[in-house]
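Fold and geometry: a report
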Amino acid sequence: MVQFFLSSHGHLASGLKSSIGVLLGGCDRLTVFDAYVDEGSLEDALNSFYREVGRDDQVILLSDMYGGSVNSIMYTFLNRPNTTLIAGVNLALVIGLVIQDRELTREEIEDVVRQSREAIQIVELDNAEQSEGDEDLF
């Protein structure tokens, strides 16, 4: 089974979990930790998470920003068995990962990461929509 641990600076992690709840009805394999919002320790939360992880479970750690303090703490857990760390989460990435109901290969993880990057777009009106909208102004 794949287990996910998502952490962020502030409430981004719990916000993403809330969105997963709205869009997918939730995911019981997704644990979140909002760092720096109270006295809770990310390291303690990760240790507790790993105590609950099955011996053969695949673990995917997700952090909000590469090089940030959350990512740096999570990096120290990469020595745990079957663990992958992905930095720079967005909702498309989390959805793409948690909808999988089986362990993921490295190539499959890379594909989900690529797709989530492609989901980041500058959105512009196309010319047809702009023309139609301009007519309404007159």
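Definitions and cut-offs
Residues numbered from 1 in each chain as written. Predicted model: local features only at pLDDT ≥ 70, side-chain atom pairs only at ≥ 80, totals over all residues. Heavy atoms only, no water. Salt bridge = Lys/Arg side-chain N within 4 Å of Asp/Glu carboxyl O. Buried < 20%, exposed > 50% of the residue type's maximum accessible area, 1.4 Å probe, protein only. Helix = DSSP H or I, 4+ residues; strand = E, 2+ residues; numbered from the N terminus. Core = buried A, V, L, I, M, F, W, Y, C linked by side-chain atoms within 4.5 Å. Contact = heavy atoms within 4.5 Å. Pairing = 2+ DSSP bridges. Axes fitted to C-alpha atoms, helices over the stretch in contact; angles between N-to-C directions. Phe/Tyr/Trp six-rings, centres within 6.5 Å; stacked < 30°, edge-to-face > 60°. Lys NZ or Arg CZ within 6 Å of the ring centre and 35° of its normal.

Under an unreviewed UniProt entry, the name given to the protein is PTS sugar transporter subunit IIA, and the organism recorded is Enterocloster asparagiformis.

A full pass over the atoms with the stated rule returns four salt bridges. Notably, a salt bridge pairs E108 with R102, separated by 2.8 Å at the nearest N-O pair. The class for E108 is partly exposed, based on a relative accessible area of 25%. Among the salt bridges present, the one from D111 reaches R114, with a minimum N-O distance of 2.4 Å. One end of the pair is D111 and the other is R114, both in helix α5 (residues 106-118) and three residues apart, which spans about a single turn. In this structure D111 comes out as partly exposed when scored by relative accessible area, which is 30%. If you follow the salt bridges from partner to partner, you end up with D111, R114 and E118 in one network.

In terms of nonpolar packing, the biggest core is built from 20 residues, with I60, L62, V94 and L97 touching the most fellow members. When residues of this core are traced back to their parent elements, those giving at least two are β1 (2-9), α1 (12-24), β3 (58-63), α4 (91-98) and α5. Ranked by residues supplied to this core, first place goes to α4 with four residues. Not counting chain neighbours up to four residues away, the residues in contact with V94 comprise L6, L16, I20, L30, L62 and V89. Grouped together as the second largest cluster of nonpolar side chains are 15 residues, A45, L46, V59 and L61 included.

Here S19 is to be found in helix α1. Residue S19 is classed as partly exposed on the basis of its relative accessible area of 26%. Separated by 75 residues in the primary sequence, S19 and V94 place their C-alpha atoms 10.0 Å from one another.

The subject of this paragraph is the sheet that holds strand β4 (residues 83-87). An order of β2-β1-β3-β4 is seen for the four strands of this open sheet, with the pairing classed as parallel. Edge positions in the sheet fall to β2 (30-35) and β4, since each has one partner strand and no second. Shown here is a sheet whose adjacent strand axes are inclined to one another by a mean of 15°, direction ignored. Sheet topology places β3 next to β4; five bridges connect them, and they run parallel. Residue L62 lies in a different strand from β4, and its bridge partner there is I86. This element, α1, spans β1 and β2 of the sheet and lies at about 150° to β2.

Let's shift gears to the packing of aromatic side chains. The full count for this structure, using the stated rule, is three aromatic pairs. Centre to centre, the rings of F49 and Y50 are 5.4 Å apart; their planes meet at 80°, and the pair counts as edge-to-face. Accessibility classification places F49 together with Y50 in one group, the buried group. Counting every residue linked through ring pairs, the aromatic cluster contains F5, F49, Y50 and F77. Above the plane of the ring of Y50 lies R80, whose end atom (NZ or CZ) is 4.8 Å from the centre.

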